[in-house]
Amino acid sequence: MTKIVRFASKSELERQRLIREARAIYDSIFPPYVPAGGCAHDPSDQWAAHEATAEIRNNNER
């Protein structure tokens, strides 16, 4: 079976990183609405926001 590897330019990687950081900042200021007894969004989105927040903190410590 053949594997296809997609090339991602530096600018695309930087764009994705900035989007993750912006989303984490937005979620920290405006927490997502969680209805009673329900989940507001996909847990993987929450994990992505957590990773982006950690990345921001690490960059600020440098």
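Just so it is clear, the model here is predicted, and its values are computed rather than measured.

*Asks:* Explain the pattern of salt bridges here, please?
*Replies:* Opposite charge on two side chains allows them to pair when their charged atoms are near. Enumeration over the complete set of coordinates arrives at three salt bridges. Where Arg 15 meets Glu 12, a salt bridge forms, and the shortest distance between an N and an O atom there is 3.3 Å. Of the two residues, Arg 15 and Glu 12 both sit in helix 1 (residues 10–29), three residues apart, roughly one turn of that helix. Arg 15 gets classed as partly exposed once you look at its relative accessible area, which sits at 46%. With a shortest N-O distance of 2.5 Å, Glu 14 and Arg 17 are connected by a salt bridge. On the criterion of helical spacing, the pair formed by Glu 14 and Arg 17 is a turn pair, its members being three residues apart in helix 1. You can call Glu 14 partly exposed: its relative accessible area is 35%. A cluster of three or more residues bridged by salt bridges with shared partners is formed by Glu 14, Arg 17 and Glu 21.

*Asks:* Looking at this structure, I do not really get the packing of aromatic side chains. What am I missing?
*Replies:* Two descriptors summarise a pair of aromatic rings, namely the distance from one centre to the other and the angle between the planes of the rings. In this structure the tally under the stated criterion is one aromatic pair. Both rings, one in Tyr 26 and one in Phe 30, keep their centres 5.1 Å apart while their planes meet at 45 degrees; by these two values the pair is tilted.

Criteria and thresholds
- Residues numbered from 1 in each chain as written.
- Predicted model: local features only at pLDDT ≥ 70, side-chain atom pairs only at ≥ 80, totals over all residues.
- Heavy atoms only, no water.
- Salt bridge = Lys/Arg side-chain N within 4 Å of Asp/Glu carboxyl O.
- Helix = DSSP H or I, 4+ residues; strand = E, 2+ residues; numbered from the N terminus.
- Buried < 20%, exposed > 50% of the residue type's maximum accessible area, 1.4 Å probe, protein only.
- Phe/Tyr/Trp six-rings, centres within 6.5 Å; stacked < 30°, edge-to-face > 60°.

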